[in-house]
Structure formats: C-alpha cells, structure tokens
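Understanding the architecture of this molecule
Here's the letter readout for the chains.
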Amino acid sequence: MKRSEVNEIIRESDKFIRSFGYVMPPFAYWSPEELKARTATDSKAIREARLGWDITDYGQGKFDELGLFLFTTRNGNQEDLKKGGGMLYAEKIMISREKQLSPMHRHIVKAEDIINRGGGTLVLELFNSNPDGSVDEKTDVEVATDGRIVRQKAGDLLKLAPGESVTLLPGNWHAFWGEGGDVLIGEVSTVNDDLTDNIFREPIGRFSSIDEDEAPLHLLVSDYDKWLA
C-alpha cells in the first residue's frame, strides 16, 4: 500500500468512527515524532502492547476488496495470560467496508466478542476446526450471540445487525465483511497477539508493505519496530 493511501484511510476512518460518537484515545493523534519521543519516556507501553493504528490489505494490494481497518485501544500481555491473573484482555475498534473481505482465519489462544457497533450488517462465514486445525466443512457450528446459542450448518452466514454480537472461541474459523454499508465493529478479547495468533486458511500476509510516497500522518503498529527503534 502507498503511504498516501494509508493516510487517507486514517482520515476517512476517524471521521466514520466519530460519526457514531466514538472518540479515539489521545495517543491516536500523536505525530510520529511525538510518539517516538514519548515512547522513550512515559508511553513505552504503547509500543510494547502494539496499541494504535492498523490498516491491512493482507499483502494483496486491493484494500477495497480484501482488507480491514483496526485500532487497538488496550491490550494485556502474554505473561499475565500464562499466570492467569492481571490484564488478560484487549479491545479494538475496527471498520469492515461494504463487500470488503477479511479472509478466513482462526486464533490459537484468543477468544473474542465481535460487536456490530453501527452502520450496515456484519456478515460472518463460520466453520469449526478439525483435530489438526484445518477447516471442518461438515460439522454444525455453535456460537453464543447476545445471551443465546445459535447453531448453524458449516459455512452458513451469521448476520449481525447494529447492536448484535457473537462470541468466537479459539478454533472458530471465520471470515467477515460488511453488507448494506460500512460497519463499525468492536472487538473485546483475551490478550491480542497479531504476530503469532492469526492462522489463515490461505497463505496470506497479516500486515501490509508500505510504499513511502509521502510522510506518515500517524504510525501504524507495523511501523513501530522500524520507526521507533
């Protein structure tokens, strides 16, 4: 992706998020220079927890068709998770554009509530896992959605209107997209690790390569290792 495209997506996404009354945390608007300076002093945890902007086209170069906007607002750590006490949770705000696919994937550790916060309908295609972790295309899928259990055939579509949510457990294969408009999505989960805990059905990249055709408006989490070193 070109940096100019990333910058424009940030501007558009911030406007869309604010239209629903959701306000991003102050560090979202720090310049790259301020983020670097403050990471060395009072805000080291932002880099360590990989909080911030995250825009991906999964390395395929067609963001409008295959992509996702994310912003991680809080995130615990793996050591607390191993101990079973402390900050064991994470939270994201995301945007799935109309007909923009987030491809089929599962998590090894993370359980997550996916919440339609507003906009169009959020559509999820769901499968279970086979014992070897591959997609189980035969067995019925059972998930919790807002206090009730939903059972459906493998590969059937679960549609969430604004205000509705679904709980996905480790091993639940899922792909999703917006229908009838862009969708503002909330995610509440156990500790998030996007470096190792995303298993995709097809070989695909989690983060995008950036063509630096202009200066970054704000850094992405995938920029941190390079820009904040």
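Description of the structure in this document. (Residues numbered from 1 in each chain as written. Predicted model: local features only at pLDDT ≥ 70, side-chain atom pairs only at ≥ 80, totals over all residues. Heavy atoms only, no water.)

Observations regarding the overall build of the protein chain
Looking only at helices and strands, the protein chain has five helices and twelve strands in total. Relative to a compact globule of 229 residues, whose C-alpha radius of gyration would be 17 Å, the protein chain shows 17 Å and is just as compact. In terms of its C-alpha atoms, the protein chain occupies a principal-axis envelope of roughly 50 × 40 × 35 Å. Of all 229 residues assigned to the protein chain, the portion counted as buried reaches 49%. Expressed as a percentage of contacts within the protein chain between residues at least 6 apart in sequence, the contacts between residues at least 24 apart total 74%. With an accessible surface of roughly 10,900 Å², the protein chain has 51% of that area assigned to carbon and sulfur atoms. (Helix = DSSP H or I, 4+ residues; strand = E, 2+ residues; numbered from the N terminus. Rg over C-alpha atoms; globule rule 2.2 N^0.38 Å. Buried < 20%, exposed > 50% of the residue type's maximum accessible area, 1.4 Å probe, protein only. Contact = heavy atoms within 4.5 Å. Areas by Shrake-Rupley, 256 points an atom, 1.4 Å probe, with all protein chains shown as cover.)

Section: helix α1 (residues 3–18)
Taking 1.5 Å per residue, 16 residues should reach 22 Å; α1 reaches 23 Å between its end C-alpha atoms and fits that length. Turning to α1, its buried residues are Arg 3, Val 6, Asn 7, Ile 9, Ile 10, Ser 13, Asp 14 and Ile 17. Down the axis, α1 shows its buried residues gathered within 160° of arc, on one side only. Tucked inside the fold, the buried residues of α1 contact β1 (52–56), β2 (68–75), β3 (89–96), β11 (173–190) and α5 (224–227). (Expected span 1.5 Å × (residues − 1). Arc of directions from axis to C-beta.)

Here we look at the layout of surface pockets
A water-sized probe, rolled over the atoms, reveals where empty space remains. In this structure, the largest pocket occupies an estimated 290 Å³ of space. Lining the largest pocket we find 16 residues, and of these Glu 48, Ala 49, Asn 75, Gly 76 and Asn 192 sit closest to its centre. Split into classes, the residues belonging to the lining of the largest pocket amount to four nonpolar, seven polar and five charged. (1 Å grid on protein atoms, 1.4 Å probe; cavity = no way out; pocket = protein on both sides within 12 Å on 5 of 7 lines; lining within 4 Å. Points joined across faces, edges and corners; volume = space filled by probe spheres on them. Nonpolar A, V, L, I, M, F, W, Y, C, P; charged D, E, K, R; others polar.)

As for the side chain of His 218
With respect to the helices, strands and loops of the structure, His 218 is situated in the loop between β12 (199–200) and α5. What makes His 218 buried here is its relative accessible area of 8%. A polar contact of 2.9 Å, which involves the side chain of His 218, links it to the backbone oxygen of Trp 30. Ignoring any residue separated from it by four or fewer positions in sequence, one finds His 218 in contact with Arg 3, Asn 7, Ile 10, Ala 28, Tyr 29, Trp 30 and Trp 53. (Polar contact = N/O pair within 3.5 Å; in protein donor to acceptor, adjacent residues only side chain to side chain.)

Observations concerning helix α2 (residues 32–39)
Those residues of α2 not exposed but buried are Pro 32, Leu 35 and Thr 39. The buried residues of α2 occupy an angular sector of 65° when the element is viewed end-on, so they sit on one face. If you follow the buried residues of α2, they end up packed against α3 (44–49) and α5.

Observations regarding empty space enclosed by the protein
Following the criterion strictly, the structure yields two cavities of 30 Å³ or more and no others. Reported here for the largest cavity is a volume of approximately 150 Å³. Looking at the largest cavity, it is lined by 19 residues, and the ones nearest its centre are Leu 68, Leu 70, His 105, His 107 and Asn 198. Elements supplying a minimum of two residues to the lining of the largest cavity: β2, β3, β4 (102–106), β5 (112–129) and β11. In terms of residue count, β11 provides more of the lining of the largest cavity than any other element does, three residues in total.

Brief notes about the pattern of salt bridges
It is possible for side chains of opposite charge to pair when their charged atoms get near one another. Scanning the model with the defined rule gives 24 salt bridges in all. Where Glu 34 meets Arg 38, a salt bridge forms, and the shortest distance between an N and an O atom there is 3.3 Å. Of this pair, Glu 34 and Arg 38 are both found in helix α2, four residues apart, which corresponds to roughly one turn of the helix. The class for Arg 38 is partly exposed, based on a relative accessible area of 28%. (Salt bridge = Lys/Arg side-chain N within 4 Å of Asp/Glu carboxyl O.)

Side note on the nonpolar core
Counting 26 residues, the largest nonpolar core has Trp 53, Ile 55, Phe 69 and Phe 71 as its most contacted members. Elements that contribute at least two residues to this core include exactly α1, α3, β1, β2 and β3. Residues contacting Phe 69, with those up to four places away along its chain left out, are Ile 9, Ser 13, Ile 17, Trp 53, Asp 54, Ile 55, Ile 93, Met 94 and Ile 95. Residues Ile 114, Leu 126, Val 150 and Leu 168 belong to the second largest nonpolar core, which totals 20 residues. (Core = buried A, V, L, I, M, F, W, Y, C linked by side-chain atoms within 4.5 Å.)

Side note on the pairing of β1
In terms of residue burial, β1 counts as a mostly covered element, since five of its five residues are buried. Note: β1 against β2, five bridges, orientation antiparallel. Bridge assignment links Trp 53 to a residue of β2, and that residue is Phe 71. (Pairing = 2+ DSSP bridges.)

By themselves, these observations are geometric and do not establish any function.
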